[in-house]
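# Geometric and topological summary
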Amino acid sequence: MNRNDIIDLLRIDNRNEIEELFSQARKAREKEFGNKIFMYGFVYFSTWCRNDCNFCYYRKSNEIDRYRKEPEEIISIAENLAGSGVHLLDLTMGEDLTYHRDNFDLLYDIVRRIKENTGLPVMLSPGLIEDRDIARFAELGVEWYALYQETHNRELYAKLRLNQDYDQRMHGKLYAKETGMLIEEGILAGVGESLGDIADSILEMGRIGASQMRVMSFVPQDGIPMESVRKPDPLLEEKIIAILRLMYPWVLIPASLDIDGIKGLEDRLNAGANVITSIIPPKTGLAGVAQNSMDVDEGGRTVEEASHILKTMGLQPATVLDYRECLARLNGRCN
Ligand code: SAM
Ligand code: MD0
Ligand code: SF4
């Protein structure tokens, strides 16, 4: 599909045509992955951040309660998630100066111990870090580096990720890929982008060789400059998921619980997603990113809850072995 084909698909609004798009996307997923769905545990271990992204609740100018979990607690949360049946641990933080300015050795140590103790694949989402730190994490065997551009329209990017250089961010991702890590790219829907911008992003995600491709609807947050921007029509995100699935059938595409909580899972899976992300253990004081508390303490964002929903849809949780095999195939494509 070229740019115009993608725009045409993004434009469809006839319910039958939309259903047909989703049904084709599900078929493409089934051909590659059968009825197996992956699940990622999410550990947002520090909500401190030096940046001021216009869309983010955790931007430094927002006066909110923040936390920084101690290493021992991060490790025990990771172990707990591993025990609950997730296939990967996503270790995420704001660009917290405790790490970004002072001490990446500390994070290195935490990640090393989590890998040792759980044996699970790990994704790091630490924000933009220096090449030499990326190389060290790659050497440690960290499987994934997640860093989202949010849009590939440079003007819009400058409005969203204030004072963060577009090329530097892109470089970090491409460098991680060079070191042998898999990379995740992501965009936001409903932040002022045009359909052409979305098409450009979909093409760019393929061009840079992202193995996981994410789209998240913007969630308005209290106290941020984009507070009164409306949440977009959920169908936009679902259509993007379906188009990504059709264009890149082999990639991992998240259905994030961070946008609409557990009730948003079914529609995203129906559109062709194959990874449930943002599984968070209840009552640990951990937050999500786009939805900081929705369904977390109620226990809605757990493997157990997600597995019930998979069952009703004729899908099932994959095994860790399935996930490892999938990573090997993705690595094979990148080399
Ligand atoms: N601080 C690191 C960074 O920004 O790269 C790691 C966190 S990153 C995983 C947080 C992601 O959540 C952003 O890149 C963005 O895609 C998404 N996000 C943040 N605020 C959001 C919001 N209000 N609505 C939807 N998605 C949001
Ligand atoms: C999620 N809240 O999966 C997480 C986050 C970070 N790598 C991912 C945006 O929805
Ligand atoms: Fe910080 Fe990440 Fe939020 Fe931007 S998106 S303000 S870098 S936590």
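Up top you'll find the structure we're talking about.
Here the structure is a predicted model, which is why all the values come from computation and not from measurement. (Residues numbered from 1 in each chain as written. Chains lettered and ligands numbered in written order. Predicted model: local features only at pLDDT ≥ 70, side-chain atom pairs only at ≥ 80, totals over all residues. Heavy atoms only, no water.)

## Structural notes on the overall build of the protein
Selection criterion: What counts as a helix is a DSSP run of H or I of at least four residues, what counts as a strand is a run of E of at least two, and both are numbered from the N terminus. Atoms considered for the radius of gyration are the C-alpha atoms alone. The globule rule reads 2.2 Å times the number of residues to the power 0.38. Here, residues are in contact when the closest pair of their heavy atoms is within 4.5 Å. Here the accessible surface of atoms and residues is derived via Shrake-Rupley with a 1.4 Å probe, and residues count as covered only by protein chains that are part of the display. Counted charges follow a simple rule, with Lys and Arg positive, Asp and Glu negative, and His plus the chain ends left uncounted. The location of each charge is read from NZ of Lys, CZ of Arg, CG of Asp or CD of Glu.
What the protein contains, in helices and strands, is 14 helices and nine strands. A compact globule built from 335 residues should have a C-alpha radius of gyration of about 20 Å, and the protein, at 18 Å, falls within 12% of that. Taking the principal axes of the C-alpha coordinates as reference, the protein spans close to 55 × 40 × 40 Å. Restricting the contact set of the protein to residue pairs at least 6 apart, pairs at least 24 apart contribute 73%. Accessible surface computed for the protein: about 13900 Å², of which carbon and sulfur atoms make up 46%. Averaging the coordinates of the 40 positive side-chain charges in the protein and doing the same for the 54 negative ones gives two points 2 Å apart.

## Observations regarding the pairing of strand S8 (residues 275–279)
Formally: Partly exposed describes any residue whose relative accessible area lies between the buried limit of under 20% and the exposed limit of over 50%, with all areas from a 1.4 Å probe on protein chains only and scaled to the type maximum. Paired strands, in this sense, are two strands between which DSSP finds at least two bridges.
Extensive coverage of S8 is indicated by the burial of five of its five residues. Pairing between strand S1 (residues 36–46) and S8: three bridges, direction parallel. Bridge pairing in S8 places Phe38 opposite Val275. Relative to S8, strand S7 (residues 254–256) runs parallel, the two sharing three bridges. Its bridge partner being in S8, Ala255 is matched across the sheet by Ile276.

## Some words on the site of ligand 3
Under the convention used in this document: By convention in these notes, a residue is near a molecule or strand provided one of its non-hydrogen atoms lies within 4 Å of it. We place a 1 Å grid over just the protein atoms. Points where a 1.4 Å probe fits but has no way out form a cavity, open points with protein on both sides within 12 Å along at least 5 of 7 lines form a pocket, and any residue with an atom within 4 Å of a point lines it. For a molecule to be placed in a cavity or pocket, more than half of its atoms must lie within 2 Å of the grid points of that cavity or pocket. Residues are grouped as follows: nonpolar covers Ala, Val, Leu, Ile, Met, Phe, Trp, Tyr, Cys and Pro; charged covers Asp, Glu, Lys and Arg; every other residue, Gly included, is treated as polar.
Looking at ligand 3, the residues that line it are Tyr44, Cys49, Asn51, Cys53, Phe55, Cys56, Arg59, Gly94 and Arg161. Judged by the fraction of its atoms near the pocket grid, ligand 3 is located in the largest cavity. Taken together, the residues of the shell around ligand 3 sort by class into five nonpolar, two polar and two charged.

## A closer look at the site of ligand 1
Rules: Polar contacts, as used here, are pairs of N or O atoms within 3.5 Å; protein pairs need one atom able to donate a hydrogen and one able to accept it. Residues neighboring in sequence count only if both atoms are side-chain atoms.
The immediate surroundings of ligand 1 are formed by 19 residues, with Phe55, Met93, Glu150, Arg161 and Val219 found nearest. Within the side chain of Glu150, an N or O atom sits 2.5 Å from an oxygen atom of ligand 1. A distance of 3.2 Å separates a nitrogen atom of ligand 1 from a polar side-chain atom of Gln221. When ligand 1 is considered free in solution it has 570 Å² of accessible area, and contact with the protein chains removes 93% of it. Among the cavities detected, the one that contains ligand 1 is the largest cavity. When contributions to the shell around ligand 1 are tallied by element, the ones reaching two or more residues are strand S2 (88–93) and strand S6 (212–217). Of the residues that constitute the shell around ligand 1, the class distribution is 10 nonpolar, six polar and three charged.

## Let's talk about the packing of aromatic side chains
The cut-off we apply is this: Stacked, edge-to-face and tilted labels apply to pairs of Phe, Tyr and Trp rings (six-membered ring for Trp) whose centres lie within 6.5 Å, assigned for plane angles under 30 degrees, over 60, and everything in between, in that order. Note on criteria: charge over ring means Lys NZ or Arg CZ within 6 Å of the ring centre, with the direction from the centre no more than 35 degrees off the ring normal.
Applying the stated criterion across every chain, the model contains 11 aromatic pairs. Centroid distance Phe33 to Phe38: 6.2 Å. Interplanar angle 85°. Geometry classified as edge-to-face. As far as burial versus exposure is concerned, Phe33 and Phe38 are alike and both buried. Arranged with centres 5.1 Å apart and planes meeting at 85°, the rings of Tyr44 and Tyr58 form a pair that is edge-to-face. Here Tyr44, found in strand S1, pairs with Tyr58, found in the loop between S1 and helix H3 (71–84); they are 14 residues apart in sequence, far enough to count as distant. Its relative accessible area of 3% is what places Tyr44 among the buried residues. Linked through ring pairs, Phe33, Phe38, Tyr40 and Tyr323 together constitute an aromatic cluster. The aromatic ring of Tyr108 is capped on one face by Arg136, whose charged end is 4.4 Å from the ring centroid.

## What to know about the nonpolar core
To be explicit about the condition: Side-chain atoms within 4.5 Å link the members of a nonpolar core, which is a set of buried Ala, Val, Leu, Ile, Met, Phe, Trp, Tyr and Cys residues.
Grouped together as the largest cluster of nonpolar side chains are 103 residues, with contacts concentrated most on Val111, Ile114, Phe137, Ile202, Ile240, Leu265 and Ile276. Among the elements that line this core, the one with the most residues is helix H10 (residues 234–247), at eight residues. Membership of the second largest hydrophobic core comes to 16 residues, among which are Leu88, Trp144, Ala146 and Leu330.

## A word on the packing of helix H9 (residues 195–207) against H10
Worth spelling out the cut-off: With axes taken as lines fitted to C-alpha atoms, and helix axes fitted only over the stretch in contact, angles between N-to-C directions fall between 0 and 180 degrees. Left-handed describes a crossing whose near helix is turned anticlockwise from the far helix by less than a right angle; the clockwise case is right-handed.
Interaxial distance between H9 and H10 falls to 11 Å at its minimum, and their mutual angle equals 35°. Here the hand of the crossing between H9 and H10 comes out right-handed. In this structure, H9 uses Leu195, Ile198, Ile202, Leu203 and Met205 to contact H10, whose residues at the interface are Leu236, Ile240, Ile243, Leu244 and Met247. Classifying every residue of the contact of H9 with H10 gives 10 nonpolar, no polar and no charged.

## Structural notes on empty space enclosed by the protein
To keep it simple, the criterion reads: Grid points are joined across faces, edges and corners, and a volume is the space filled by probe spheres set on the points.
A full pass over the atoms with the stated rule returns two cavities of 30 Å³ or more. Within this model, the largest cavity holds a volume of roughly 680 Å³. Lining the largest cavity are 39 residues, with Phe55, Tyr148, Glu150, Arg161 and Val289 positioned closest to its centre. Mapped by element, the contributors of at least two residues to the lining of the largest cavity are S1, S2, strand S5 (182–189), S6 and S8. Residues that form the lining of the largest cavity fall into these classes: 20 nonpolar, 11 polar and eight charged. For the second largest cavity, the calculated volume is near 30 Å³. If you go around the second largest cavity, the residues you meet are Glu150, Thr151, Ile187, Leu188, Glu193, Asp197, Ile198 and Ser201. Counting only elements with at least two residues in the lining of the second largest cavity, the list comes to S5 and H9. A per-element tally of the lining of the second largest cavity places H9 first, with three residues. For the lining of the second largest cavity, the residue count by class is three nonpolar, two polar and three charged.

Remember, this is a structural readout, not a statement about activity or role.
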